[in-house]
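Fold and contact review
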Amino acid sequence: MRSTSEGGRAHQDRFLGMIQLLLSFTISTLYKQILDTVRREKSFKMAASDSDDSLYPIAVLIDELRNEDVQLRLNSIKKLSTIALALGVERTRSELIPFLTDTIYDEDEVLLALAEQLGNFTPLVGGQEHVHCLLPPLESLATVEETVVRDKAVESLRKIAGDHSSADLEAHFVPLVKRLAQGDWFTSRTSACGLFSVPYPRVSSTVKAELRTNFRNLCGDDTPMVRRAAAGKMGEFAKVLELEYLKSDLIPLWTNLASDEQVQNDSVRLLAVEACVSIASILPPEDLETLVMPTLKNAAEDKSWRVRYMVADKFTELQMAVGPEITKKELVPAFQGLLKDCEAEVRAAAANKVKEFCENLPEDIREATIMTSILPCVKWSFSLQDLVSDANQHVKSALASVIMGLSPILGKDNTVEHLLPLFLLMLKDECAEVRLNIISNLDCVNQVIGIHQLSQSLLPAIVELAEDTKWRVRLAIIEYMPLLAGQLGVEFFDEKLNSLCMSWLVDHVYAIREAATNNLKKLVEKFGAEWAQSTILPKVVGMAQDPNYLHRMTTLFCINVLADVCGNETTMKVLLPVVVKLAADAVPNVRFNVAKTIQKIGSQFDATTINNQCKPCLEKLQSDQDYDVKYYAQEAMSVLCDAA
């Protein structure tokens, strides 16, 4: 006697076999109907050529829907609109859509493509009058296990909901939402959370009450994933809810979700923080302090750092939502706490909002609040005592990116007294990103304190770093120099920083000389070729006479990069004679770099210049006693001849 489990499996196998047979019969029927249509079309037109068999590709697409190859099924699904157009709206509704509804058992990528396609099917099933026939397959897709498929199905449902009339919403769409919300599996209930806000504004009061009841049940669901989904969609549901029901129904639910006690599911609480922005922007000011602020203050002090991070990340949005009075009373202390949070991620998120938060403060208290409440927290983060113990580069980088923006708010005196010391401290920070964020925002300070004050305070620190004994520090400053030059202007640059840039060309470290060469190119791109001719090129050409062969080689490296930005005429008249002269250098390394330079810049010259100056120089180098010089000269000559 067979066991019960064996009997159950046999029954299940027979059931699956029947389903497969039914699906095979359905698709075969569609396939045969298409072929019959093709034959009738051929018979009617009396066409002999294959080009008239326009429906054969459609038959192939339908046949591929049942193919064992996943890629073929996927390709066919992606061309469903073509199949629907061939079948017509009536047969699409009566045959294709039911078939698709019965085949929601496939690979996730196929189901994802199907969910996306169905969202665009409204005109293919006959327009708004028949759009409800798309609901069954999308409902099935909204219950599958794979999250991305469910999300895409919900997206398509939201899309086609707009094509429903109010009557069809109540007759077809709302019942679907209820079925999903009351489903046995959490997957359907999570999908339902994203659908409530779509039909709510367009249905009757009775149906609205039913929707609110179902949403209330989802917010109290036993499964954390469902509560998380409800918390994530609460903000958009709040926007369509009537104010009285927002206060009586939704805010108590939001308060409960924001205090969800399952520590391992803090995602419920952090999503409730997102909903707070929407809720606060809807409520009148008199209700904010009693209905929203207690929960928000608890979130800012939540035991989970992720919840506090979310509060910090949304802080300026919350500030705009609650208004200036509550900001003064409640949000400033909360922001101070976030800037001093024990978790670096929270401090970094709050630091990123410093400038925007200060700009949004009421004008009558802005300066006083920054000086007494915000700036002490910033100084705390960068104080000499705590910088060692709090060396998180993300926090410092976040502050460095926004702190310069406080200068226009605080004015010249406060900037000089309170902000400049912080700027100087950050300019010397070991983290390159911190230094870059300061240098890249110097124009904010320049506009407030003036170039004279800036040159007396910050530029000495920059010059000090540029002459640092550690070559990596010097390298970092070189990389920032074009950015700094663009902010300070050409006159100030020539007066204060030009000589510094030229000194890097003769640095004893090759990486510095190489970076300085590329730096010159960027400066010429910023200030122009005329500036280069009067300021840069005389010094570069003069280096060709330097006793140190490394410096003479640097001249060639500079010519390589400057030729592209100085123009053909300048290159031919000023730079090429220097290159030709260095072909007679006593050091082989200089001579073979002459060949490499001619190879690189030779394409800019006309045939006369190449024949009269470049080729004679290379011919001389081809007979050089040094093997490397001859090799590079031959290679350069070959390139010039090919180009000619």
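Computed from a predicted structure; not experimentally measured. Numbering of residues starts from 1 in every chain and runs along the sequence as written. The predicted nature of this model means local features are confined to residues of pLDDT at least 70 and side-chain atom pairs, given and counted, to a pLDDT of 80 or more, with totals for whole chains, interfaces and linings taken over all residues. The side-chain quantities take in all heavy atoms of the structure and omit both hydrogens and water.

What follows covers the packing of helix H12 (residues 224-240) against helix H14 (residues 266-282). Here an angle of 0 to 180 degrees is reported between the N-to-C directions of two axes, which are lines fitted to C-alpha atoms, with helices fitted over the stretch in contact. Secondary structure follows DSSP: runs of H or I at least 4 residues long count as helices, runs of E at least 2 residues long count as strands, and numbering of each begins at the N terminus. It is at 8 Å that the axes of H12 and H14 come closest, and there the two elements cross at 10 degrees. The pairing of H12 with H14 is recorded here as roughly parallel in orientation. From H12, Pro224, Arg227, Arg228, Ala231, Gly232, Met234, Gly235, Ala238 and Lys239 reach across to H14, where they touch Ser267, Val268, Leu271, Ala272, Ala275, Ser278, Ile279 and Ile282. Lys, Arg, Asp and Glu make up the charged group, whereas Ala, Val, Leu, Ile, Met, Phe, Trp, Tyr, Cys and Pro make up the nonpolar group; the residues left over, Gly among them, are polar. Split by residue class, the contact of H12 with H14 holds ten nonpolar, four polar and three charged. Under this scheme an angle from 65 to 115 degrees is roughly perpendicular, one under 35 degrees roughly parallel, and one over 145 degrees roughly antiparallel; angles in between are oblique. Residue contacts follow a heavy-atom distance rule, with two residues in contact if any of their heavy atoms lie within 4.5 Å.

Here a pair means two rings of Phe, Tyr or Trp (six-membered ring of Trp) with centres within 6.5 Å. Their orientation is stacked below 30 degrees between planes, edge-to-face above 60, and tilted elsewhere. Under the criterion given, the structure shown has 14 aromatic pairs. By the ring-pair criterion, three or more aromatic residues cluster together here, those being Phe196, Tyr200, Phe215 and Phe237. Here the guanidinium or amino end of Arg212 rests over the ring plane of Tyr245, the centre of that ring lying 3.5 Å away. Criterion for a charge above a ring: Arg CZ or Lys NZ at most 6 Å from the ring centre, at most 35 degrees from the ring normal.

Counting buried positions over the eight residues of helix H18 (residues 315-322) gives six, a clear majority of the element. Tucked inside the fold, the buried residues of H18 contact H14, helix H15 (285-291), helix H16 (293-300), helix H17 (305-313), helix H19 (324-339) and helix H21 (354-359). Of the residues trailing H18, Gly323 is marked for its positive phi of about 95 degrees. Only protein chains enter the accessibility calculation, which uses a 1.4 Å probe; a residue whose area is less than 20% of its type maximum is buried, one above 50% is exposed, and one in between is partly exposed.

This part takes up the environment of Ala299. Tracing the chain through its elements places Ala299 in helix H16. In this structure Ala299 comes out as buried when scored by relative accessible area, which is 9%. Look past the residues within four positions of Ala299 in its chain and what remains in contact with it is Val273, Val307, Arg308 and Val311.

Attention now moves to a negative patch on the surface. A surface patch of negative charge is lined by Glu107, Asp108, Glu109 and Glu145. Using a relative accessible area of 44% as the deciding quantity, one classes Glu109 as partly exposed. Two distance rules govern patches: like charges are joined within 9 Å, and nonpolar side chains (Val, Leu, Ile, Met, Phe, Trp, Tyr) within 5 Å, applied only to residues with over 30% relative accessible area and no salt bridge. For the accessible areas, the method is Shrake-Rupley and the probe is 1.4 Å, while residue cover comes only from the protein chains on display. In what follows, salt bridge is the name for a side-chain nitrogen of Lys or Arg lying within 4 Å of a carboxyl oxygen of Asp or Glu. The charged-residue count follows a simple rule in which Lys and Arg add positive charge and Asp and Glu add negative charge, with His and chain termini not counted at all. Positions of charges follow a simple convention, taking NZ of Lys, CZ of Arg, CG of Asp or CD of Glu.

Further remarks concern the side chain of Ser373. Looking at where Ser373 falls in the secondary structure, it is placed in helix H22 (residues 366-382). When residues no more than four places from it in sequence are discounted, the contact partners of Ser373 are Val332, Gln336 and Ala368.

Chain-level pLDDT for the protein chain is 81 on average; 86% of the residues reach the 70-or-more range. Here residues 14-27 is a poorly scored stretch, pLDDT under 50, and it has nine contacts once near neighbours within four places are set aside; other chains count. Per-residue confidence from the predictor is reported as pLDDT, which spans 0 to 100.

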